[in-house]
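Structural overview
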Amino acid sequence: MSETPSVELTDDIRPNVDDRIAAEAETTLEDEETERDLVVVSNREPYQHEYDSDGSVVVEEPVGGLTAGLDPVVQKTQGDWVAWGDGDADAVVTDDDDCVAVPPDDERYTLRRVWLEDEEVEGYYYGYSNRVLWPLCHDLVDRVEMEPDYWDTYRSVNESFGEAAVERATENSTVWIQDYHFCLAPKTIRESLPDGASMVQFWHIPWPAWDTFRVVPHAEELVEGLLSNDVVGFHIDRYRDNFLECAAQLDDTRVDRDAGVVHVDGRTVEVGAFEMGVDADRIAETAETFDHHAWAHLAGKYDIDPNINVAVGVDRIDYTKGIPKRIDALEQFWEEHPEWRGELTFVQKSSHSRSQIPAYQRAANEVEEAIERVNDRFGTEDWQPIVHVDDHLSQRELFGLYRHADIALVSPLRDGLNLVAKEYVAAQVEDDGVLLLSEFAGAHQTLDEAVTINPYSPEGFAEAIHQSLSMTAVERGRRMRSLRSVVTEHDLDDWVAELLTATVPDGEEFTVEGTDV
Ligand code: F6P
């Protein structure tokens, strides 16, 4: 998902919404017996306050599927969200409890910001999270860079986030922790969690086999930390099974693989696979509004001929996304099938994060170099084979680009799920696009009418591009209708409901007011 446009800060943004929420509606995430409230914990914040060039404060929505996906959920539940306050002007707008009401133009929930010193950001975010756990969990052991300081900082920052979460939690809370930044926070939270509250963590990236995970010296402590939750969720069965295998290595655990539970410290931890969905209806409705006229206008802005075929790739620049290999495959495709020169433009939409890490700078350079190479080799006066869009697109433009792209190339080397694949499918309101999907993306488990590709095989990948572009309209329609029903039937609300239902006793159900869940 991409950034959405900056929103002007209104004067009345300051106050925390607690009072309003209490008076207005109590909590709105409820099961039949108990009303629950939600406390989300994530590294990235959903709204960032920044100074504009004229000194005014503007609000930005950071890039990333996680925050964009969860924000509507927390808005509906009017809960709390604890996250790192990394915007320049974040501190200016928060109250004495480090809280601010968001979204700015329609205050629905409380964002509790956690402040981090530069050394903490270096050790916890750029260090242990993204130089150790990220490559490790993507099975890229050679890319793991371990510094002793990283671990100490990761631990202390996890404690700070844990304390902030406890501050916001009541006996009716479900604390919902996101991702690999917080393996140890659950332990801190468990120590002071009010009776009656529960804790669930969703792991958005792959979980590797024990033989890989044990490479890090603190492997057992990390697993133990996660087992302080009541529920630990992964996208697909394989990651869940790998985690259970890791949990079984600890001395004081008993693992029941069939039931998907770990018995530890007198508690039972449920470990499950809950594949994330996207807000399919909203994406389709938005894409629908982006007609041929709007598309021609956007295409014109980037010198794309709207009358020839378009392939699209949308990624955060990251070495796991396999963008250079995708470009190698395109090069091979145009080499083997010269009849497609001038007949297909590939649009690579990119966004940047973690750019202070040299491996990410190198990844960005490799993408630029590969694009330049192919454009130099095949480009003509009238046709640029690859168009690189790395500036901001609104959600409407992004979903419009998906809708009008004939094929999508989603070819990560390894990916926990890949929401782009699902977004592309949801935007196919004419059922005429073809999704090419890496067999190493978690989404491949359910999107079985995609054209499967192995990103490591440029020949096979090039041939799959050719087959997809040559597919009959009947075949395209059949495949896409099937994919769309998968993505629509298992959408974002379904995912939230399934995951949160796992935190309540059997037979009880969570419902999110105002939704179909
Ligand atoms: O996919 C993992 C993830 O952490 C997402 O949860 C998030 O949307 C994305 O990467 C962006 O990462 P960062 O916050 O480091 O820019």
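Residues numbered from 1 in each chain as written. Predicted model: local features only at pLDDT ≥ 70, side-chain atom pairs only at ≥ 80, totals over all residues. Heavy atoms only, no water.

**Some details on the packing of aromatic side chains**
In the structure shown here, the tally under the stated rule is 26 aromatic pairs. Centre to centre, the rings of Trp 151 and Tyr 154 are 6.1 Å apart; their planes meet at 25°, and the pair counts as stacked. Here Tyr 154 and Trp 151 lie together in helix α5 (residues 148-168), a separation of 3 residues that amounts to about one turn. The pair Trp 151 / Tyr 154 is uniform in exposure class, with both members buried. The ring of Tyr 319 has Arg 143 lying over it, and the distance from NZ or CZ to the ring centre is 4.0 Å. Geometry around Trp 134 places Arg 354 over its ring, the cationic atom sitting 4.2 Å from the centre. (Phe/Tyr/Trp six-rings, centres within 6.5 Å; stacked < 30°, edge-to-face > 60°. Helix = DSSP H or I, 4+ residues; strand = E, 2+ residues; numbered from the N terminus. Buried < 20%, exposed > 50% of the residue type's maximum accessible area, 1.4 Å probe, protein only. Lys NZ or Arg CZ within 6 Å of the ring centre and 35° of its normal.)

**A few points about the sheet that holds strand β18 (residues 407-410)**
Read from one edge of the open sheet, 6 strands run β17-β16-β15-β18-β19-β20, paired in parallel fashion. Bordering the open sheet on either side are β17 (386-389) and β20 (451-453), each of which pairs with just one other strand. The sheet shows a mean angle of 20° between the axes of neighbouring strands, direction not considered. Against the sheet, helix α12 (residues 323-336) touches β15 (309-316), β16 (344-351), β17 and β18, its axis set at about 175° to β16. (Pairing = 2+ DSSP bridges. Axes fitted to C-alpha atoms, helices over the stretch in contact; angles between N-to-C directions. Contact = heavy atoms within 4.5 Å.)

**What about the site of the ligand?**
Surveying the vicinity of the ligand reveals 13 residues, the closest of which are Arg 44, Tyr 125, Asp 179, Ser 353 and Arg 354. A distance of 2.9 Å is found between an oxygen atom of the ligand and a side-chain nitrogen or oxygen belonging to Arg 44. One nitrogen or oxygen atom from the side chain of Ser 353 is found 3.0 Å from an oxygen atom belonging to the ligand. For the ligand, whose free accessible area comes to 390 Å², the fraction covered by protein is 87%. Counting residues per element, the ones that place at least two in the shell around the ligand are α2 (65-77) and α4 (118-137). Residues belonging to the shell around the ligand are distributed by class as follows: 5 nonpolar, 4 polar and 4 charged. A domain split of the shell around the ligand shows at least three residues from each of domain 1 (5-277 + 492-508) and domain 2 (280-489). (Near = heavy atom within 4 Å. Polar contact = N/O pair within 3.5 Å; in protein donor to acceptor, adjacent residues only side chain to side chain. Areas by Shrake-Rupley, 256 points an atom, 1.4 Å probe, with all protein chains shown as cover. Nonpolar A, V, L, I, M, F, W, Y, C, P; charged D, E, K, R; others polar. Domains from an automatic or database assignment.)

**Quick notes on the nonpolar core**
Counting 73 residues, the largest nonpolar core has Trp 176, Tyr 402, Leu 435, Leu 437 and Trp 495 as the members making the most contacts within it. At 6 residues, helix α15 (residues 419-426) tops the list of elements feeding residues into this core. Counting residues domain by domain, this core receives three or more from each of domain 1 (5-277 + 492-508) and domain 2 (280-489). Not counting the four nearest positions on each side in its chain, Trp 176 is found in contact with Leu 38, Val 39, Val 40, Val 41, Leu 70, Val 200, Phe 202, Trp 495, Val 496, Leu 499 and Leu 500. Grouped together as the second largest cluster of nonpolar side chains are 66 residues, Trp 84, Ile 205, Phe 234 and Ile 357 included. (Core = buried A, V, L, I, M, F, W, Y, C linked by side-chain atoms within 4.5 Å.)

**Some words on α12**
Owing to its 3.6 residues per turn, the α-helix brings residues three or four apart onto one side. The terminal C-alpha atoms of α12, which comprises 14 residues, lie 20 Å apart, in line with the 20 Å expected from a rise of 1.5 Å per residue. Buried within α12 are the following residues: Ile 323, Arg 326, Ile 327, Ala 329, Leu 330, Glu 331, Phe 333 and Trp 334. (Expected span 1.5 Å × (residues − 1).)

**Considerations on the pairing of strand β9 (residues 173-178)**
Along β9, 6 of the 6 residues are buried, which leaves the element largely enclosed by surrounding structure. Here β9 shows two buried faces, one formed by Ser 173, Val 175 and Ile 177 and the other by Thr 174, Trp 176 and Gln 178. When β9 meets strand β10 (residues 198-202), the two strands line up parallel, connected through 5 bridges. Across the sheet, the residue bridging to Thr 174 is Ser 198, located in β10. Handedness of the crossover is the feature at issue here: the chain leaves β9, passes through helix α6 (residues 185-192), returns alongside β10, and the resulting connection is right-handed. (Right-handed = clockwise from strand over helix to strand, strands pointing away.)

**Quick word on the environment of Arg 282**
Residue position: Arg 282 is located in helix α10 (residues 280-289). Among the polar contacts listed, one links the side chain of Arg 282 to the side chain of Gln 395, at a separation of 2.9 Å.

**Some details on the domain arrangement of the chain**
Annotation of the chain at the domain level lists domain 1 (5-277 + 492-508) and domain 2 (280-489). Taken over C-alpha atoms, the centre of domain 1 sits 30 Å from the centre of domain 2. Domain 1 puts 26 residues into the contact, and the matching count from domain 2 is 23 residues. Between domain 1 and domain 2, the buried area comes to about 2200 Å², and carbon and sulfur atoms account for 54% of it. Interface area lost by domain 1 to domain 2 is led by Tyr 126, Trp 134 and Glu 275, which between them contribute 25%. Taken together, domain 1 and domain 2 are joined by 2 salt bridges. A salt bridge links Asp 139 to Arg 414, with the nearest nitrogen and oxygen atoms 3.6 Å apart. Inspection of the domain 1/domain 2 interface yields 10 residue pairs in polar contact (both at pLDDT 80 or more). Contributions of two or more residues to the side of domain 1 that touches domain 2 are made by α4 and α9 (237-247). (Buried area = accessible area lost by both parts, 1.4 Å probe. Salt bridge = Lys/Arg side-chain N within 4 Å of Asp/Glu carboxyl O.)

**What to know about the side chain of Ser 438**
Tracing the backbone shows Ser 438 in strand β19 (residues 434-438). For Ser 438, the side chain forms a polar contact with the main-chain oxygen of Pro 412, separated by 2.8 Å. At 2.9 Å, the side chain of Ser 438 and the backbone nitrogen of Phe 440 are in polar contact. Those residues within four positions of Ser 438 in sequence are excluded, and the remaining contacts are Val 410, Ser 411, Pro 412, His 444, Ile 453 and Pro 455.

**Some thoughts on the pattern of salt bridges**
The tally for this structure, following the rule as stated, stands at 30 salt bridges. Between Glu 122 and Arg 131 there is a salt bridge; the shortest N-O distance is 3.4 Å. For Arg 131, a relative accessible area of 11% translates into the label buried. Note that Asp 241 is salt-bridged to Arg 240, the shortest N-O span being 3.0 Å. Via salt bridges that share partners, Asp 328, Glu 331, Glu 335, Arg 373 and Arg 377 belong to a single interconnected network.

**Points about the side chain of Thr 253**
In this fold, Thr 253 is placed in strand β12 (residues 253-256). Overall, Thr 253 belongs to the buried group, its relative accessible area being 16%. A polar atom in the side chain of Thr 253 sits 3.0 Å from the backbone oxygen of Leu 250. Ignoring sequence-local partners within four residues, the contact set of Thr 253 consists of Leu 227, Ala 247, Ala 248, Val 262, His 263 and Val 264.

**A short note on a negative patch on the surface**
A cluster of acidic residues, Glu 366, Glu 368, Glu 369, Glu 372, Asp 376, Asp 390 and Asp 391, forms a negative patch on the protein surface. Residue placement: Glu 369 occurs in helix α13 (residues 358-378). (Patch = residues over 30% accessible without salt bridge, like charges linked within 9 Å, V, L, I, M, F, W, Y side chains within 5 Å. Lys, Arg positive; Asp, Glu negative; His and termini not counted. Charge placed at Lys NZ, Arg CZ, Asp CG, Glu CD.)

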